[in-house]
Every structure is written in structure tokens, then in C-alpha cells.
Amino acid sequence: NGEVGLPGASIGQFGLGETIILAIDNRTAFPQPIHIQGHVWQELSPDGKAPETMQPLRDTAILAPNAQQKFGFIANNPGLWVLQSLVAERSDSGLLSSFKVG
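Residues numbered from 1 in each chain as written. Predicted model: local features only at pLDDT ≥ 70, side-chain atom pairs only at ≥ 80, totals over all residues. Heavy atoms only, no water.

Asks: Sorry, what's going on with the sheet that holds strand β4 (residues 42-44) here?
Replies: Taken together, the 3 strands give an open sheet; going across it, the order is β2-β6-β4, and neighbouring strands pair in antiparallel fashion. Among the strands making up the open sheet, the edge pair consists of β2 (18-26) and β4. Direction aside, the axes of adjacent strands within the sheet are offset by 35° on average. Pairing geometry for β4 and strand β6 (residues 67-75), over 3 bridges, is antiparallel. Looking across to β6, one finds that Gln42 is bridged to Gly72. (Pairing = 2+ DSSP bridges. Helix = DSSP H or I, 4+ residues; strand = E, 2+ residues; numbered from the N terminus. Axes fitted to C-alpha atoms, helices over the stretch in contact; angles between N-to-C directions.)

Structure below.
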């Protein structure tokens, strides 16, 4: 997010039941374990479509170095939720944000 420590602004507010497609860009040379709290997602193809074979719903994914991944989920859990790297040092370095549902 370009900020060290906790971010000032969230990535957005979503309506309850809204379908969300999040594109996350890993601009580092390291694999990044990304976790979304309060929701589960489906990894999508680069064009934003669901894969041809059904994949399990997850709340964590590992993004390859220097890669982008799209995730789709239904904003079905009201509240303020965190999207973060599961590596503490990386969260402290700014790989942390939030979003609100409802």
C-alpha cells in the first residue's frame, strides 16, 4: 500500500452481498502469503473468470513473486475486515489494508 505500518485508508466499502473481484499485485521477489479475514475467496483466471475445474474456497493464498492474482468473493459478512500478508515483517512494512462490508 506504499505505507509503513497501519494504513490510513481502507481499500473500500462493499455492499452486503456484493460480488467482489480483487486483483492483488505482488511486486516483490518473494512469495507472499495473503490472508483475507471474515470471507473466503475463489482464485480466478487472469481475465477474472472462475477456473474450469472447481477449486476449494480459501481465506489464504500464496502469490508468486512478481505476479498478479485475481480473487473473487461475496461480501457476505458485515464489518471491518483486514487483508494482509501473513509474514509479520511484511505487514509491518505496509502489506496490510482493510475493507468494510455493509
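Next comes the rest of the account.
Asks: Any chance you could explain the nonpolar core here in plain terms?
Replies: When a protein is soluble and globular, its nonpolar side chains tend to lie buried together. Core analysis: the biggest nonpolar cluster contains 16 residues, and Trp41, Phe73, Leu83 and Phe99 have the highest contact counts within it. Elements with a contribution of two residues or more to this core: β2, β3 (32-36), β5 (60-63), β6, β7 (79-85) and β8 (96-101). If sequence neighbours within four positions are ignored, Phe73 has contacts with Phe14, Glu18, Thr19, Ile20, Leu22, Ile36, His39, Val40, Trp41 and Phe99. (Core = buried A, V, L, I, M, F, W, Y, C linked by side-chain atoms within 4.5 Å. Buried < 20%, exposed > 50% of the residue type's maximum accessible area, 1.4 Å probe, protein only. Contact = heavy atoms within 4.5 Å.)

Worth remembering: the numbers are spatial, not functional.
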